[in-house]
Amino acid sequence: MSVCEVPSRLAQSPGLPKSPEGDPVFPEPWAAEAFAMTVHLHENGLFSWSEWAEALSIEVHRPGRAEDGSDYFDCWVAALSGLLVAKGIADAGVILALQSAWQRAAEATPHGMPIELGNDPLR
């Protein structure tokens, strides 16, 4: 079995939406990218499995989260952002500013066109 065929422990995260074959499924491309970044950072030792599980659990169980799990990947991104801030890798203000810039870019992008950060009218 190659390294690529060995599933990451993150792929076993509770609540992760899966196909009938057991593979992760993603509602949008950004969710797959967030998953891949998290797997990469974990596999490179930025955080342990227990740190990840705790961070994700905190986000999934916050009051006001969707009971149907439709905001699961929002929780995923919040957990990853929180870990990066806690470890001094990223600044919370910079993360929020980038999130806002991507939102403005999405709103300014014509339907059917790729969303690019350069589409943010404030950049």
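Quick notes on the rules
- Residues numbered from 1 in each chain as written.
- Predicted model: local features only at pLDDT ≥ 70, side-chain atom pairs only at ≥ 80, totals over all residues.
- Heavy atoms only, no water.
- Axes fitted to C-alpha atoms, helices over the stretch in contact; angles between N-to-C directions.
- Helix = DSSP H or I, 4+ residues; strand = E, 2+ residues; numbered from the N terminus.
- Parallel < 35°, antiparallel > 145°, perpendicular 65-115°, else oblique.
- Left-handed = near helix turned anticlockwise from the far one by under 90°.
- Contact = heavy atoms within 4.5 Å.
- Expected span 1.5 Å × (residues − 1).
- Buried < 20%, exposed > 50% of the residue type's maximum accessible area, 1.4 Å probe, protein only.
- Arc of directions from axis to C-beta.
- Salt bridge = Lys/Arg side-chain N within 4 Å of Asp/Glu carboxyl O.
- Nonpolar A, V, L, I, M, F, W, Y, C, P; charged D, E, K, R; others polar.

**A few points about the packing of helix α2 (residues 49-60) against helix α3 (residues 72-86)**
It is at 8 Å that the axes of α2 and α3 come closest, and there the two elements cross at 130°. If you check the angle between α2 and α3, you find them oblique. The way α2 lies across α3 gives a crossing that is right-handed. When α2 is examined against α3, the residues E51, W52, A55, L56, E59 and V60 are found in contact with a partner set consisting of Y72, C75, W76, A78, A79, L80 and L83.

**Observations regarding α2**
For α2, with 12 residues, the first-to-last C-alpha span of 16 Å sits near the 16 Å given by 1.5 Å per residue. Of all the positions in α2, only W52, A55, L56 and E59 are classed as buried. Seen end-on, α2 carries its buried residues on one side only, within an arc spanning 95°. Of the residues in α2, the exposed ones pointing more than 90 degrees away from the buried face are S50 and E54. Against the buried residues of α2 lie α1 (29-43) and α3.

**A closer look at the pattern of salt bridges**
In total, this model carries 5 salt bridges according to the counting rule given. In the salt-bridge network here, residues are joined through shared partners; they are E59, R62, R65 and D71.

**Some points on the environment of I89**
Within the secondary structure, I89 sits in the loop between α3 and α4 (92-108). Put simply, I89 and L46 are 43 residues apart on the chain and 9.4 Å apart in space, counted from C-alpha to C-alpha. Ignoring sequence-local partners within four residues, the contact set of I89 consists of L46 and L84.

**Observations regarding the packing of α1 against α3**
Between two packed helices, the angle of one axis relative to the other and the distance separating the axes together describe the packing. Contact pair α1 / α3: the axes reach a minimum separation of 10 Å and the direction vectors enclose 35°. The hand of the α1/α3 crossing is left-handed. Across from W30, A31, A34, F35, M37, T38 and L41 in α1, the residues of α3 making contact are F73, D74, W76, V77, L80 and L84. Taken together, the residues of the contact of α1 with α3 sort by class into 11 nonpolar, 1 polar and 1 charged.

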